[in-house]
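As a plain string of letters, each chain reads:
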Amino acid sequence: MPTNAYRETILEAVKTKLSGIVTDTTKTWSATVAPKVTRTRQNALSGASYPLVYLAAKDETYELRNTTSNFRQYVRTMRITIEYYMEGWSIDTYASSAVHDVERAFEDWTLGGVVDDCYLESNRALQAETDTVPFGGVEFVLVVRYRTLNNSPSARA
């Protein structure tokens, strides 16, 4: 059985960082409810529980660097799209809180020593309305940089 790629460790670290955030609002589902964080596609209109954070697209680029040893090193840049959905009549207020919470979640730019660097590249508002209650969210792009060796792509270099 092959070893899991190191990117799985990174995605779990991102999921862990996001699972501890709590938006401080007067939302009816309580200000103490942390968002559910998932890597499985959720349809925002299908009655999913809110708040919901979905790790969406995970695009990766590679740069091959020679090192002083016999091994060459990949410098990898992963872009992770994060969608944070919420529901209620004050989407603007909740979206502002969500941005604050996500920014705070990534103040440790090494994700606990798992990666070399990470930062939020952008965010944009998402908004729609169901039959009874509006819902919206914020989409973030998290950029993560890490290294692996070319003969060991499943391990951190």
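Points about the overall build of the protein chain
Moving on, step 1. Secondary structure summary: the protein chain contains two helices and six strands in total.
Moving on, step 2. Counting from the amino terminus, the protein chain carries its helices and strands in the arrangement α-β-β-β-α-β-β-β.
Moving on, step 3. The buried share among the 157 residues of the protein chain stands at 43%.
Moving on, step 4. Put simply, of all contacts in the protein chain between residues at least 6 apart along the chain, 61% involve residues at least 24 apart.
Moving on, step 5. Accessible surface for the protein chain amounts to roughly 8600 Å². Of this, 47% is attributable to carbon and sulfur atoms.

A short note on the nonpolar core
Moving on, step 1. Within the largest apolar cluster, 31 residues are counted, with the highest numbers of intra-cluster contacts made by Ile10, Val14, Leu18, Ile80, Ile82 and Phe106.
Moving on, step 2. When contributions to this core are tallied by element, the ones reaching two or more residues are α1 (6-19), β2 (52-66), β3 (72-87), α2 (91-105) and β5 (134-149).
Moving on, step 3. With sequence-adjacent residues up to four places away left out, Val14 is seen in contact with Leu55, Ile80, Phe106, Leu111 and Leu142.
Moving on, step 4. Listed in part, the five residues of the second largest apolar core include Tyr50, Leu52, Leu126 and Phe135.

Digging into the confidence of the model for the protein chain
Moving on, step 1. Of the residues in the protein chain, 75% have a pLDDT of 70 or more, and the chain-wide mean is 79.
Moving on, step 2. For the protein chain, the element scoring lowest by mean pLDDT is strand β6 (residues 152-156), at 76; α1 scores highest, at 91.

Let's talk about the pattern of salt bridges
Moving on, step 1. According to the stated counting rule, one finds eleven salt bridges in the structure shown.
Moving on, step 2. A salt bridge links Glu8 to Arg39, with the nearest nitrogen and oxygen atoms 2.9 Å apart. Of this pair, Glu8 sits in helix α1 while Arg39 sits in the loop between β1 (36-38) and β2, and the two are 31 residues apart along the sequence.
Moving on, step 3. We classify Arg39 as partly exposed; its relative accessible area is 26%.
Moving on, step 4. Salt bridges linked by common partners bring Glu8, Glu12 and Arg39 together as one network.

Some thoughts on the environment of Lys58
Moving on, step 1. As for its position among the elements, Lys58 is in strand β2.
Moving on, step 2. As for Lys58 and Val143, which are separated by 85 residues in sequence, their C-alpha atoms are 9.8 Å apart.
Moving on, step 3. In contact with Lys58, other than residues within four places in its own chain, are Leu11, Arg39, Arg79 and Ile80.
Moving on, step 4. At 2.6 Å, the side chain of Lys58 forms a polar contact with the backbone oxygen of Ala56.

Focus on the environment of Arg124
Moving on, step 1. Note that Arg124 resides in strand β4 (residues 117-129).
Moving on, step 2. Relative accessible area serves as the criterion here: at 47%, Arg124 is assigned to the partly exposed category.
Moving on, step 3. Note: C-alpha distance between Arg124 and Phe140 (16 residues apart in sequence) is 6.7 Å.
Moving on, step 4. Here Glu139 takes part through its side chain, which lies 2.8 Å from a polar atom of the side chain of Arg124.

Quick word on the pairing of β2
Moving on, step 1. Here β1 runs beside β2; their pairing, made up of three bridges, is parallel. Looking at the pairing, Val37 lines up with Val53 of β2.
Moving on, step 2. Inspection of the sheet shows β2 paired to β3 by 13 bridges, in the antiparallel sense. Counterpart to Asp59 in the pairing with β3 is Arg79.

Quick notes on the side chain of Arg76
Moving on, step 1. Within the secondary structure layout, Arg76 lies in strand β3.
Moving on, step 2. The charged side chain of Arg76 is buried without a salt bridge, its nearest counter-charge being Glu60 at 4.1 Å.
Moving on, step 3. Of the polar contacts made by the side chain of Arg76, one reaches the side chain of Thr148; its length is 2.8 Å.
Moving on, step 4. If we ignore the near neighbours within four places in the chain, the residues touching Arg76 are Arg7, Glu60, Thr61, Tyr62, Val144, Arg145, Tyr146, Thr148 and Pro153.

Calculation notes
Residues numbered from 1 in each chain as written. Predicted model: local features only at pLDDT ≥ 70, side-chain atom pairs only at ≥ 80, totals over all residues. Heavy atoms only, no water. Helix = DSSP H or I, 4+ residues; strand = E, 2+ residues; numbered from the N terminus. Buried < 20%, exposed > 50% of the residue type's maximum accessible area, 1.4 Å probe, protein only. Contact = heavy atoms within 4.5 Å. Areas by Shrake-Rupley, 256 points an atom, 1.4 Å probe, with all protein chains shown as cover. Core = buried A, V, L, I, M, F, W, Y, C linked by side-chain atoms within 4.5 Å. pLDDT = per-residue confidence, 0-100. Salt bridge = Lys/Arg side-chain N within 4 Å of Asp/Glu carboxyl O. Polar contact = N/O pair within 3.5 Å; in protein donor to acceptor, adjacent residues only side chain to side chain. Pairing = 2+ DSSP bridges. Lys, Arg positive; Asp, Glu negative; His and termini not counted.

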